[in-house]
Amino acid sequence: MIVILTGAGISHESGIATFRDSDGLWENERVEDVATPGGFARDPERVYRFYNQRRRDLQNGIIAPNAAHKALARLEAEYPGKVLVVTQNVDNLHERGGSHNVLHMHGELLQGRCAACEAVFPCFEDMSSKDVCPSCGKAGYVRPHIVWFEEMPLYMQQIEEALEQCRVFASIGTSGNVYPASGFVRHAKAYGAHTVELNLQPSVGASVFAESRYGLATQVVPAWVDKLLFS
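Before going into details, it helps to say that this report is about the structure given with it.

Criteria and cut-off values
- Residues numbered from 1 in each chain as written.
- Predicted model: local features only at pLDDT ≥ 70, side-chain atom pairs only at ≥ 80, totals over all residues.
- Heavy atoms only, no water.
- Core = buried A, V, L, I, M, F, W, Y, C linked by side-chain atoms within 4.5 Å.
- Buried < 20%, exposed > 50% of the residue type's maximum accessible area, 1.4 Å probe, protein only.
- Helix = DSSP H or I, 4+ residues; strand = E, 2+ residues; numbered from the N terminus.
- Expected span 1.5 Å × (residues − 1).
- Contact = heavy atoms within 4.5 Å.
- Phe/Tyr/Trp six-rings, centres within 6.5 Å; stacked < 30°, edge-to-face > 60°.
- Lys NZ or Arg CZ within 6 Å of the ring centre and 35° of its normal.

1. So, the nonpolar core
Within the largest apolar cluster, 23 residues are counted, with the highest numbers of intra-cluster contacts made by Tyr51, Leu58, Leu109, Ile146 and Trp148. Those elements that place two or more of their residues in this core are helix 4 (44-58), strand 4 (107-114) and strand 6 (142-146). Top contributing element to this core by residue count: helix 4, with five residues. Core analysis: the second largest hydrophobic core is formed by 20 residues, Leu72, Tyr79, Ala170 and Val225 among them.

2. Section: helix 9 (residues 217-230)
A rise of 1.5 Å per residue sets the reference length of helix 9, with its 14 residues, at 20 Å; its end C-alpha atoms lie 19 Å apart and thus fit the reference within 8%. Within helix 9, burial applies to Ala217, Val220, Val221, Pro222, Trp224, Val225 and Leu229. Buried residues belonging to helix 9 abut strand 1 (2-6), helix 1 (8-12), helix 5 (67-78), strand 7 (168-172), strand 8 (194-199) and strand 9 (211-214).

3. As for the packing of aromatic side chains
Tallied over the entire structure, the rule returns four aromatic pairs. Note on Phe40 and Trp148: the rings are 5.3 Å apart at their centroids and 45° apart in plane angle, and the pair reads as tilted. One end of the pair, Phe40, is in helix 3 (residues 37-42); the other, Trp148, is in the loop between strand 6 and helix 7 (156-165), with 108 residues separating them in the sequence. Its relative accessible area of 17% is what places Phe40 among the buried residues. Residue class for Trp148 comes out buried when judged on its relative accessible area of 3%. Judged by centre distance (5.0 Å) and plane angle (90°), the ring pair of Phe50 and Tyr51 falls under edge-to-face. Here Phe50 matches Tyr51 in class, with each residue buried. Cluster of aromatic residues (ring-pair linked, three or more members): Phe40, Tyr48, Phe50, Tyr51 and Trp148. When the ring centre of Trp148 is taken as origin, the NZ or CZ atom of Arg143, which lies over that ring, is 3.8 Å away.

As structure tokens, then:
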């Protein structure tokens, strides 16, 4: 099995700003205001507006999967073993690029969640506090299906099991600053996996990886996939 962790860096070349860009999505909004349960409780309409805009941007016809997303889909299709993509990204570019075995540990922008019944449902339009849950019918409980700061990432048990079974663990486009994802390389390494970092520049935990490749994701990821498939 190959387990691949992806972060904002893989989608940056598709036109999605990263968390730490000087011109990024968060520049004019405090994390506490738009990405915490407390921020949502204080001003839900502000949070709705923030994610509504991101949802519109994702569906604007301009943002599209790039060569890195497509290379990982090709790896899944052609590799003789299982390939699992664990992504910190809330966009749908892996799926649009052709990947099927994807876990979104931080949720998905094109989904909503009901705080009353915990139902998760597709969401392609703007969201507001007046929305009614399609499952339980209650109004005022619908929120973006996004894992905010102070909340537990999704699929952690499945991810941990995969890390313990994988032969190769690769981290693509991540800063190495966000826990628990930053600890995945050590977890996989402890169980004997070969570890690879593919990034624009060395991450905080770069020294932990056995192999590293640096450059644009659209260049280094396809080259690494070719190596895996043809070496």
